[in-house]
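Descriptive analysis of the structure
Listed here are the chains, written in short residue letters.
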Amino acid sequence: MDLSASLLDIRFANPLLNASGVWCRYNEELDGLRDSAAGSFITKSCTLATRAGNPEPRYYATPLGSINSMGLPNEGYTYYLDYARAYDYAKKPLFMSVAGLSLEDNLAMLAAIRDAGLPAVVELNLSCPNVPGKPQIAYDFAAMDRMLEATSREYGRPFGVKMPPYFDIAHFDEAAAILNKYPLVAFITCINSIGNALVIDIEQESVVIKPKDGFGGIGGDYVLPTALANVNAFFRRCPQKQVIGCGGVKTGEHVFMHLLAGASLVQVGTALQEEGPGIFARLNGELAALLERKGYTSIEAVLGKLKTL
Ligand SMILES: O=C(O)c1[nH]c(=O)[nH]c(=O)c1I
């Protein structure tokens, strides 16, 4: 079965990759994704300087998914830029996630990445929900507009954005209208975790993570319908752009749903954290079997074909 996918003018052996933040902070983890059956992979969102992140426990898995308030722990952008310099792109495409704590930090990192002139594709994170005192950029439309105007101008090459979930049609409309102002925003990754949820352990009668009184972003089964809605909402509203799906993927059927909704590539977060990089071989096998059963010969034939009633 031909699982090949494309984004920008790049070919992928299959549509799967990790969600930024999962299995991608350190070189050894990145090499694990490089050597997995994933079609591509992405680095942990980076900041100008290294960050330890929030106090632990800051990640917790439940039967329905996960909650995290990592707090943007990362090795600093030069660490990931070094990885991208040394990397052999003939193996599979590499993405770099960038999440500066300010517009100026994003401009500095993007200028350095631009000047390095590497094939790595940038995903600008506008949706980290876990840095205390730093509201999500993509929930402040004016700030997002300013960020995209400045970063488009500075970077000067196609890049993507990592979006939070929206829950209101008017917000889909307004966010898409802003994204459509920037032709260099070539793809939209929907969704980041659903921010500031609360998981409670009834035995301990307590929250389960330490930062922010237990408030954190959730992923996994909890978020699949919201992720699919956001993928489809931006797929419908941004015909000149591509969408990467992220959220709730644990089986080949979930990958198929994201493709139907309009995703060109599909990221895996919580399920990768829980199962490890071996998940990509399983998901590709399940997706191929599903396509076979349905009589499809490529995933391009599925992309965006969701029917309405
Ligand atoms: O807490 C984090 O590091 C984090 N956690 C998330 O769930 N999404 C993000 O974009 C980030 I930057």
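Bear in mind that the values here come from a model prediction, so they are computed numbers and not experimental data.

Cut-offs used in this document
- Residues numbered from 1 in each chain as written.
- Predicted model: local features only at pLDDT ≥ 70, side-chain atom pairs only at ≥ 80, totals over all residues.
- Heavy atoms only, no water.
- Salt bridge = Lys/Arg side-chain N within 4 Å of Asp/Glu carboxyl O.
- Buried < 20%, exposed > 50% of the residue type's maximum accessible area, 1.4 Å probe, protein only.
- Helix = DSSP H or I, 4+ residues; strand = E, 2+ residues; numbered from the N terminus.
- Axes fitted to C-alpha atoms, helices over the stretch in contact; angles between N-to-C directions.
- Parallel < 35°, antiparallel > 145°, perpendicular 65-115°, else oblique.
- Left-handed = near helix turned anticlockwise from the far one by under 90°.
- Contact = heavy atoms within 4.5 Å.
- Nonpolar A, V, L, I, M, F, W, Y, C, P; charged D, E, K, R; others polar.
- UniProt positions renumbered as here; feature names shortened; annotations may be inferred.
- Polar contact = N/O pair within 3.5 Å; in protein donor to acceptor, adjacent residues only side chain to side chain.
- Pairing = 2+ DSSP bridges.
- Right-handed = clockwise from strand over helix to strand, strands pointing away.
- Disulfide = S-S within 2.5 Å.
- Near = heavy atom within 4 Å.
- Areas by Shrake-Rupley, 256 points an atom, 1.4 Å probe, with all protein chains shown as cover.
- pLDDT = per-residue confidence, 0-100.

**Overview of the pattern of salt bridges**
Evaluated as defined, the whole model comprises 14 salt bridges. Among the salt bridges present, the one from Arg114 reaches Asp115, with a minimum N-O distance of 2.9 Å. According to the relative accessible area criterion, Arg114 is partly exposed, its value standing at 28%. Notably, a salt bridge pairs Arg153 with Glu149, separated by 2.5 Å at the nearest N-O pair. In this pair, Arg153 and Glu149 both sit in helix 4 (residues 141–155), 4 residues apart, roughly one turn of the helix. The class of Arg153 is exposed, set by a relative accessible area of 60%. A network of salt bridges, in which partner residues are shared, links Asp31, Arg34 and Asp35.

**Side note on the packing of helix 7 (residues 252–261) against helix 9 (residues 279–294)**
A pair of packed helices can be characterised by two numbers: the angle between their axes and the separation between those axes. The contact between helix 7 and helix 9 brings their axes to 7 Å, and the two run at 65°. Taken as axis vectors, helix 7 and helix 9 run roughly perpendicular relative to one another. The two elements helix 7 and helix 9 cross, and the hand of that crossing is right-handed. In this structure, helix 7 uses Gly252, Glu253, Val255, Phe256 and Leu259 to contact helix 9, whose residues at the interface are Leu283, Glu286, Leu287, Leu290, Leu291, Arg293 and Lys294. Here the contact of helix 7 with helix 9 is built from residues that sort into 7 nonpolar, 1 polar and 4 charged.

**Focus on the UniProt feature "domain: Dihydroorotate dehydrogenase catalytic" (unreviewed entry) in the protein chain**
Look at the UniProt record and you will see "domain: Dihydroorotate dehydrogenase catalytic" (unreviewed entry) annotated at residues 3–291. Taken end to end, residues 3–291 is 35% helix and 23% strand, and its first and last C-alpha atoms sit 9 Å apart.

**Thoughts on the side chain of Asn14**
Tracing the backbone shows Asn14 in the loop between strand 2 (10–12) and strand 3 (16–18). We classify Asn14 as buried; its relative accessible area is 5%. There is a polar contact of 2.9 Å between the side chain of Asn14 and the backbone oxygen of Ala37. Excluding its chain neighbours within four sequence positions, the residues that come into contact with Asn14 are Leu3, Ser4, Ala5, Ala37, Ala38, Gly39 and Asn284.

**Some points on the pairing of strand 9 (residues 159–163)**
The element strand 9 is largely enclosed, with a buried count of 5 among its 5 residues. Burial along strand 9 is two-sided: Phe159, Val161 and Met163 and Gly160 and Lys162, pointing in opposite directions, are all buried. Pairing geometry for strand 8 (residues 121–125) and strand 9, over 3 bridges, is parallel. Counterpart to Glu123 in the pairing with strand 9 is Gly160. As a crossover connection, the stretch from strand 8 through helix 4 into strand 9 is right-handed. Chirality of the crossover, the property in question, places the unit of strand 9, helix 5 (residues 169–179) and strand 10 (residues 185–190) among those that are right-handed.

**Section: the state of the cysteines**
Disulfide: a covalent bond connecting the sulfur atoms of a pair of cysteines. Under the criterion given, the structure shown has 0 disulfides. Not engaged in a disulfide, the cysteine Cys190 finds its nearest cysteine sulfur in Cys238; these two sulfurs lie 8.4 Å apart. Assessed through its relative accessible area of 0%, Cys190 is described here as buried.

**Some thoughts on the pairing of strand 6 (residues 65–68)**
Because side chains alternate across strand 6, one face comprises the buried residues Gly65 and Ile67, and the other comprises Ser66 and Asn68, equally buried. Across 4 bridges, the pairing between strand 5 (residues 59–62) and strand 6 is antiparallel. Counted as the bridge partner of Tyr59 is Asn68 from strand 6. Hairpin connection between strand 5 and strand 6: a loop of 2 residues separates the two successive antiparallel strands. With 4 bridges joining them, strand 6 and strand 14 (residues 215–220) adopt antiparallel strand pairing. Residue pairing for strand 14: Gly65 is matched across the bridge by Gly220.

**Remarks on the site of the ligand**
Near the ligand, the surroundings consist of Lys44, Asn68, Met70, Gly71, Leu72, Pro73, Asn125, Cys128, Pro129, Asn130, Asn192 and Ser193. Separating a nitrogen atom of the ligand from a side-chain N or O atom of Asn192 is a distance of 2.8 Å. Protein chains bury 92% of the 320 Å² of accessible surface belonging to the ligand in isolation. Among the residues forming the shell around the ligand, the class breakdown is 5 nonpolar, 6 polar and 1 charged.

**Topic: the confidence of the model for the protein chain**
With 100% of its residues at a pLDDT of 70 or more, the protein chain shows a mean pLDDT of 98. Listed scores for the predicted complex are pTM 0.99 and ipTM 0.99.

**Regarding the packing of helix 2 (residues 77–86) against helix 3 (residues 103–116)**
For the pair helix 2 and helix 3, the least separation of the axes is 11 Å and the interaxial angle reads 15°. Here helix 2 lies roughly parallel to helix 3, going by the angle between them. Both helix 2 and helix 3 take part in a crossing whose hand is right-handed. Side by side, helix 2 and helix 3 meet where Tyr77, Leu81 and Arg85 of the first sit next to Met109, Ala112, Ile113 and Ala116 of the second. A per-class count over the contact of helix 2 with helix 3 returns 6 nonpolar, no polar and 1 charged.

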